[in-house]
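Remarks on the overall topology
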Amino acid sequence: MKLIAVVILVVLVSLFASMALAMFLPLGDVNRMFVAGLSVPLLIPVLLVLLALSDRPKWVVAGYSGALPVLAAAVLLRFFAV
Amino acid sequence: MKQAIHKRLYHWHSKIGVALALFMLALCLTAIPAIYLDDIGDWLMPQAAEQTHDLTLDQWVDRGAQTLPLYKQEFHLELNQATPVFWLKHEGVNTAFVAQDNGVFTPHSGVAATRTLAHAHYDFLLPGPYGEYVVGVIGLAALTIMLMGVFLHRKWRSEATVLRPRRSRRLWLSDLHKVLGLWLLPFHLIMTYTGAVLGLGGLLLIVAAYSAFDGDKQAAIEAIIGKAPVLTQQACTSHSLDTFATKSRDYWANLYGDSVLLEVEVEGLGDCQGVATFASEIPGYLLLENAITFSLTTGEIQTVVDWVPASFGERWYAFIGPLHFGNFAGYVSKALYAVSALLLALLCVSGLLVWLSKRHPSLQRKASFVSTLHEQLTVPWVRALLSLISAIALATVSVLLCAKFLPLLDWPYANRYQPAFFTWVYALAFSSLFLLAWWRAAALPWSLALNCFGFILTPVASWIVYGIRLDHAALELTLLAVGVFSGYCTFKYYQTAKTHHASATTTANTVNKTDLSNVA
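Here the structure is a predicted model, which is why all the values come from computation and not from measurement.

1. Here's the deal with the overall build of chain A
- When its secondary structure is counted, chain A shows 3 helices and 0 strands.
- Seen in sequence order, chain A has helices and strands lined up from the N terminus as α-α-α.
- With respect to the three principal axes, the spread of C-alpha positions in chain A is 40 × 20 × 20 Å.
- A buried classification covers 37% of the 82 residues belonging to chain A.

Here you go:
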């Protein structure tokens, strides 16, 4: 159960992070599309390994609770603004 | 690194690795025929290769018109192998045709067979896009455990050069796992990342479309390859395809000096809105092929896809396919990729055996794997491992055997049923043998003997029926070598069975004697 929750959270953070990265970098439409799509399969394993390397659960919880809303808000604001 | 973190990393590395091991092994083994797919196609269709060697594009179209009444709707021509394949799309279904001895186009079992072998690697023959997603997820998980391995083995300088075969088997397997993992790390990282991108491409496109085109997937695709033509069904005279081929060659020659035409795709030949796309490889660039789309009626260029001066993101994407398929340097890169795939398979096997040896004392002994095979076959994981290898080999050779000799039967429904036929041959051969050998260890030598028979029969029957050809010698000798190796494994199995049986009888006799003396 815990593993499934961790995987879902990591996938969500990776999706929002890659989209935010692509949206806020000064890139053209086609370039942005590729950067967003191709960075997801890199971010998911990197985040999972970073989680496994972290020995402070509080930091992990703080990371999720900070990163998820901020990245989601950034992506959605940009998405609806355009 | 703190001990708790190291322990946690090791725990997840081994858990995910064990869960993945059989799938990764299947991917590595199915990758080898997939790497040599062009050569297998040429071996299966030698007459077709000779017939179509010097045809111009317009002659291809004329020949197609003679035998394929529906050819005008949509077709494409693959020229990047010795046997050019003529793909006809009708009612959403692609059918492959190749030219036969009499000059007419017929569906050929070779094309359907090679596609089955390719599908076995990139979607495990599962329906729809789900198989690709499964393979993509396996790629992601493999990438994760490889990254974990990097942090686990931080003393890489010493671990990459230590192999201790004289110590316990577990230690030796562990050393082998580390040496293979560390030396081949860059290759494996590239393969797993590119494999994950190719497998999950359909899902990643959604992310890509939301980040740039408001979620419009069609707009995202059109931004790369241009708009699909809307056919008017009004007849117009089409320009010669050979003229377009020359124009395409000149266009790339002006920019990069050279190009190789790989594929021609025509939509609506004879229609006023018809287009022809010419895909060409630019030598010296490890990128997807560039493409030019021409209007068939006006002859003007409609779209140009050029990956060379493209932006960072586009080149990143264009880099992935050629890097994963590994045919950029001909037989040298193909051989390197095949050897690396075999070593990755060995990495999976050694990792799994290290994990198993903790749980089964019989796997920890110093004696060789072969001499204690019968003890080890009592472990279900070992049976699964060996039966998987044997089943994939048998399924592959069954498809090759059927595809090579099916044309002799002149099957009237070949056009419609061949793709499904080969899928079923592969699926049935694999699943029946895998389940049988996994369930009963006694079935394993039978499966090995079947492999021996299949791998020797295929080239020998080909020599008898079609004659010996030097250009196919490499493939046929490889098949023969695998057959001989399977035969050797079968022989060793029975040899160790005899020793095992004799030692078991001696032990039983000793026990009986001891019991009797105790009673006396």
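2. Observations regarding the overall build of chain B
- Of the regular secondary structure elements, chain B holds 19 helices and 8 strands.
- Every one of the 520 residues in chain B was classed for burial, and the buried ones make up 47%.
- Look at the contacts in chain B between residues 6 or more apart in sequence, and 66% of them connect residues 24 or more apart.
- Of the roughly 26100 Å² that chain B leaves accessible, carbon and sulfur atoms contribute 64%.

3. Focus: the interface of chain B and chain A
- Tallying the contact residues gives 35 residues for chain B and 31 residues for chain A.
- Buried surface at the junction of chain B and chain A, summed over both partners, amounts to about 2800 Å²; 79% is from carbon and sulfur atoms.
- Considering only the surface of chain B that becomes buried against chain A, B:V207, B:S211 and B:W316 emerge as the three largest contributors, covering 18% of it.
- Along the contact surface separating chain B from chain A lie 0 salt bridges.
- Counting across the chain B and chain A interface gives 6 residue pairs in polar contact (both at pLDDT 80 or more).

4. Comments concerning helix α11 (residues 217-225) of chain B
- The residue sitting at the N-terminus of α11(B) and contributing the capping side-chain oxygen is B:D216; that oxygen lies 3.2 Å from the backbone nitrogen of B:Q218.
- Of the residues flanking the end of α11(B), it is B:G226, one or two places downstream, whose phi is positive at about 85°.

5. Some words on the state of the cysteines
Residue and element names in this part refer to chain B.
- With the rule as written, the count across this model stands at 1 disulfide over all chains.
- C236 shares a disulfide with C272; S-S distance 1.8 Å. Judged by the torsion about the S-S bond (75°), the C236/C272 disulfide is right-handed. One end of the pair, C236, is in the loop between α11 and α12 (241-256); the other, C272, is in the loop between β5 (260-267) and β6 (275-281), with 36 residues separating them in the sequence.

6. Some thoughts on the confidence of the model for chain B
Residue and element names in this part refer to chain B.
- Residue-level pLDDT values for chain B average 85, and 85% of them are 70 or greater.
- At the level of individual helices and strands, chain B shows its lowest average pLDDT in helix α3 (residues 46-51), which scores 64, and its highest in helix α9 (residues 185-199), which scores 94.
- Reported confidences for the modelled complex are a pTM of 0.88 and an ipTM of 0.90.

7. Let's talk about the packing of helix α1 (residues 3-35) of chain B against helix α14 (residues 330-359) of chain B
Residues and elements named next belong to chain B.
- At their nearest, the axes of α1 and α14 sit 8 Å apart, and the two run at 150° to each other. In this structure, the crossing between α1 and α14 has a hand that is left-handed. Side by side, α1 and α14 meet where Y10, S14, V18, A21, M24, L25, C28, A31, I32 and I35 of the first sit next to K334, Y337, A338, A341, L342, L344, A345, C348, V349, L352, W355 and K358 of the second.
- A per-class count over the contact of α1 with α14 returns 19 nonpolar, 1 polar and 2 charged.

8. Side note on the packing of aromatic side chains
Residues and elements named next belong to chain B.
- Overall, the coordinates contain 20 aromatic pairs over all chains when judged by the stated rule.
- Their ring planes at 65° and their centres at 5.8 Å tell us that Y256 and Y285 sit as a pair that is edge-to-face. Of this pair, Y256 sits in helix α12 while Y285 sits in the loop between β6 and β7 (290-295); the two residues are 29 residues apart in sequence, bridging distant segments of the chain.
- Judged by its relative accessible area of 24%, Y256 is partly exposed.
- The interplanar angle of 80° and the centroid separation of 5.7 Å between the aromatic rings of F278 and F294 together place this pair among those described as edge-to-face. On the criterion of sequence distance, the pair formed by F278 in strand β6 and F294 in strand β7 is long-range, its members being 16 residues apart. Each member of the pair, F278 as well as F294, is classed as buried.
- Among the aromatic residues, those joined into a ring-pair cluster are Y251, W252, Y256 and Y285.

9. Notes on the pairing of β6(B)
Residue and element names in this part refer to chain B.
- Of all the 7 residues making up β6, 5 are buried; the element is thus mostly covered by neighbouring parts of the structure.
- In terms of strand pairing, β6 meets β7 through 6 bridges, oriented antiparallel. Counted as the bridge partner of T277 is T293 from β7.

10. Thoughts on the confidence of the model for chain A
- Looking at chain A, pLDDT values average 85 and 99% of them are 70 or higher.
- When pLDDT is averaged over each element of chain A, helix α2 (residues 29-53) of chain A comes out on top at 90 and helix α3 (residues 57-81) of chain A at the bottom at 80.

11. A closer look at unusual backbone geometry
Residues and elements named next belong to chain B.
- For F124, which is not glycine, the phi torsion reads 50° and is therefore positive.
- Turning to its location among the elements, F124 is positioned in the loop between α5 (109-122) and α6 (130-152).
- Judged by relative accessible area, F124 falls into the partly exposed class, the value being 22%.

12. A closer look at the pattern of salt bridges
Residues and elements named next belong to chain B.
- For the structure on display, the rule yields 4 salt bridges over all chains.
- Between D471 and R469 there is a salt bridge, with its nearest N and O atoms 2.9 Å apart.
- Looking at R469, the relative accessible area reads 25%, which means it is partly exposed.

13. Thoughts on a nonpolar patch on the surface
- On the surface, B:L408, B:V460, B:I464 and B:V465 cluster together into a nonpolar patch covering about 370 Å² of accessible area.
- In this fold, B:V460 is placed in helix α18 (residues 443-466).

14. Quick notes on the side chain of B:S295
- Inspection of the secondary structure assignment puts B:S295 in strand β7.
- Here B:S295 is in contact with B:F244, B:G274, B:V275, B:E300 and B:Q302, once residues within four sequence places are set aside.

15. Notes on the packing of α2(A) against helix α13 (residues 312-325) of chain B
- Two numbers describe how α2(A) lies on α13(B): the axes approach to 7 Å, and their chain directions differ by 50°. On the basis of the axis angle, α2(A) is oblique to α13(B). Crossing hand, α2(A) versus α13(B): left-handed. The segment α2(A) lies against α13(B), with A:V30, A:N31, A:F34, A:V35, A:L38, A:S39 and A:L42 engaging B:F312, B:G313, B:E314, B:W316, B:Y317 and B:I320.

16. Let's talk about α1(B)
- For α1(B), spanning 33 residues, the distance from its first C-alpha to its last is only 42 Å, which falls clearly below the expected 48 Å at 1.5 Å a residue.
- Where α1(B) bends most, at B:A21, the angle is about 50°.

17. Let's talk about the environment of B:R164
All names here are of chain B.
- Mapped onto the fold, R164 is located in the loop between α7 (156-159) and α8 (169-183).
- With 10 residues separating them in the primary sequence, R164 and S174 have C-alpha atoms 9.4 Å apart.
- Those residues in contact with R164, other than ones at most four positions away along the chain, are L171, W172 and D175.
- One polar contact links R164 to D175, side chain to side chain, over a distance of 2.9 Å.

So, how was this worked out
- Residues numbered from 1 in each chain as written.
- Chains lettered and ligands numbered in written order.
- Predicted model: local features only at pLDDT ≥ 70, side-chain atom pairs only at ≥ 80, totals over all residues.
- Heavy atoms only, no water.
- Helix = DSSP H or I, 4+ residues; strand = E, 2+ residues; numbered from the N terminus.
- Buried < 20%, exposed > 50% of the residue type's maximum accessible area, 1.4 Å probe, protein only.
- Contact = heavy atoms within 4.5 Å.
- Areas by Shrake-Rupley, 256 points an atom, 1.4 Å probe, with all protein chains shown as cover.
- Buried area = accessible area lost by both parts, 1.4 Å probe.
- Salt bridge = Lys/Arg side-chain N within 4 Å of Asp/Glu carboxyl O.
- Polar contact = N/O pair within 3.5 Å; in protein donor to acceptor, adjacent residues only side chain to side chain.
- Disulfide = S-S within 2.5 Å.
- pLDDT = per-residue confidence, 0-100.
- Axes fitted to C-alpha atoms, helices over the stretch in contact; angles between N-to-C directions.
- Left-handed = near helix turned anticlockwise from the far one by under 90°.
- Nonpolar A, V, L, I, M, F, W, Y, C, P; charged D, E, K, R; others polar.
- Phe/Tyr/Trp six-rings, centres within 6.5 Å; stacked < 30°, edge-to-face > 60°.
- Pairing = 2+ DSSP bridges.
- Patch = residues over 30% accessible without salt bridge, like charges linked within 9 Å, V, L, I, M, F, W, Y side chains within 5 Å.
- Parallel < 35°, antiparallel > 145°, perpendicular 65-115°, else oblique.
- Expected span 1.5 Å × (residues − 1).
- Bend = angle between axes of the 7 residues up to and from the residue.

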